[in-house]
Amino acid sequence: MSTKPKRAEPDPFASVRAATDAHRAQHGCGAYPYANGALLGVLAGAANARRILELGTALGYTAMWFAHGAPGAVVDTVERDEEHVRLARENVTANDLDGHIIVHHGDFVDVLSGLDSGYDVAFFDGFSPSPPVLKSLRGLLRTRGVLISANLTHGGKEAEAYRTGLMNRKLWLTGFIGTEGETAVSIKL
Ligand SMILES: C[S@@+](CC[C@H](N)C(=O)[O-])C[C@H]1O[C@@H](n2cnc3c(N)ncnc32)[C@H](O)[C@@H]1O
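Let me begin by describing the structure that accompanies this report. (Residues numbered from 1 in each chain as written. Predicted model: local features only at pLDDT ≥ 70, side-chain atom pairs only at ≥ 80, totals over all residues. Heavy atoms only, no water.)

1. Points about the packing of aromatic side chains
Then step 1. For the structure shown, the criterion picks out five aromatic pairs.
Then step 2. Here Phe-66 and Phe-123 contribute two aromatic rings whose centre-to-centre distance is 5.6 Å and whose plane-to-plane angle is 65°, an arrangement assigned as edge-to-face. Remark: Phe-123 occurs in strand S4 (residues 119–124) and Phe-66 occurs in helix H3 (residues 61–69); sequence separation between them is 57 residues.
Then step 3. On the accessibility criterion, Phe-66 (0% relative accessible area) is buried.
Then step 4. Owing to a relative accessible area of 0%, Phe-123 belongs among the buried residues under this scheme.
Then step 5. With a centroid separation of 6.0 Å and an interplanar angle of 75°, the aromatic rings of Phe-108 and Phe-124 are classed as edge-to-face. Here Phe-124 lies in strand S4 and Phe-108 lies in helix H5 (residues 108–112), a separation of 16 residues in the sequence. Note on accessibility: Phe-108 and Phe-124 belong to one class, buried.
Then step 6. Through a chain of ring-to-ring contacts, the aromatic side chains of Tyr-34, Phe-66 and Phe-123 assemble into a single cluster. (Phe/Tyr/Trp six-rings, centres within 6.5 Å; stacked < 30°, edge-to-face > 60°. Helix = DSSP H or I, 4+ residues; strand = E, 2+ residues; numbered from the N terminus. Buried < 20%, exposed > 50% of the residue type's maximum accessible area, 1.4 Å probe, protein only.)

Now the structure itself:
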């Protein structure tokens, strides 16, 4: 049996990922594309998601992976940086995903208060998770919906409190990805 590691499938959104890295170097912002776009696509597909909510669009890399994994879904993605919003909308159009991905411009707290509940999947990929955001996401997810939370190792009391919230067994069934637990996958109970 070969011990050669299997290669990952080619990334259909590699150019958006590369553009995000190039943009960050020039903009000096925190637009780090999520490490495992394919995993997000698979989770959305496995959940048979029709409505997906993403916090932290950057240039649209992960929103595109969600749309790819769940072709019947509408992805609402939220971003406050005007330049990121402009570039993400350009990328959505260039990838023929208009109507499939909607880029909302604004702060998470403001945009979330105007959205209808019933999301099948939600993804937090902002800079630092906080308990008020977790509460809003819980309100917007349907029961048994899937919450994916990244950047949990960014440190600070707020991120720690968010992680503690996910460990409340009456509210969430949670598993962590990777030894550091940087990302959690949870089901709303
Ligand atoms: C880590 S990047 C997102 C990366 C993206 N998901 C990807 O994989 O390409 C975080 C993004 O969240 C945005 N952001 C951070 N805090 C925010 C807030 N409170 N409201 C809206 N956008 C926010 C930043 O401007 C940044 O573009």
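On we go.
2. Quick notes on the nonpolar core
As a rule of thumb, nonpolar side chains are buried together in soluble globular proteins.
Then step 1. In this structure, Ile-52, Phe-66, Ile-101 and Val-121 are the most contacted members of the largest nonpolar core, which totals 28 residues.
Then step 2. Secondary structure elements with two or more residues in this core: helix H2 (37–46), H3, helix H4 (82–94), strand S3 (101–105), S4 and strand S5 (141–149).
Then step 3. Looking at this core element by element, the count peaks at six residues for H3.
Then step 4. Those residues in contact with Val-121, other than ones at most four positions away along the chain, are Ala-44, Ala-47, Ala-49, Arg-51, Ile-52, Leu-53, Phe-66, Leu-141, Val-146 and Ile-148.
Then step 5. Ranked by size, the runner-up nonpolar core spans 21 residues in total, among them Val-78, Leu-134, Leu-147 and Trp-172. (Core = buried A, V, L, I, M, F, W, Y, C linked by side-chain atoms within 4.5 Å. Contact = heavy atoms within 4.5 Å.)

3. Let's talk about the pattern of salt bridges
Then step 1. Scanning the entire structure with this criterion turns up five salt bridges.
Then step 2. Between Asp-21 and Arg-24 there is a salt bridge whose closest N-O contact spans 2.8 Å. Taken together, the positions of Asp-21 and Arg-24, both in helix H1 (residues 14–27) and three residues apart, correspond to about one turn of that helix.
Then step 3. On the basis of relative accessibility, which here comes to 31%, the residue Asp-21 falls in the partly exposed class.
Then step 4. In this structure, Arg-80 engages Asp-107 in a salt bridge whose closest nitrogen and oxygen atoms are separated by 3.3 Å. (Salt bridge = Lys/Arg side-chain N within 4 Å of Asp/Glu carboxyl O.)

It is worth stressing that arrangement in space is one thing and function is another; only the former is reported here.
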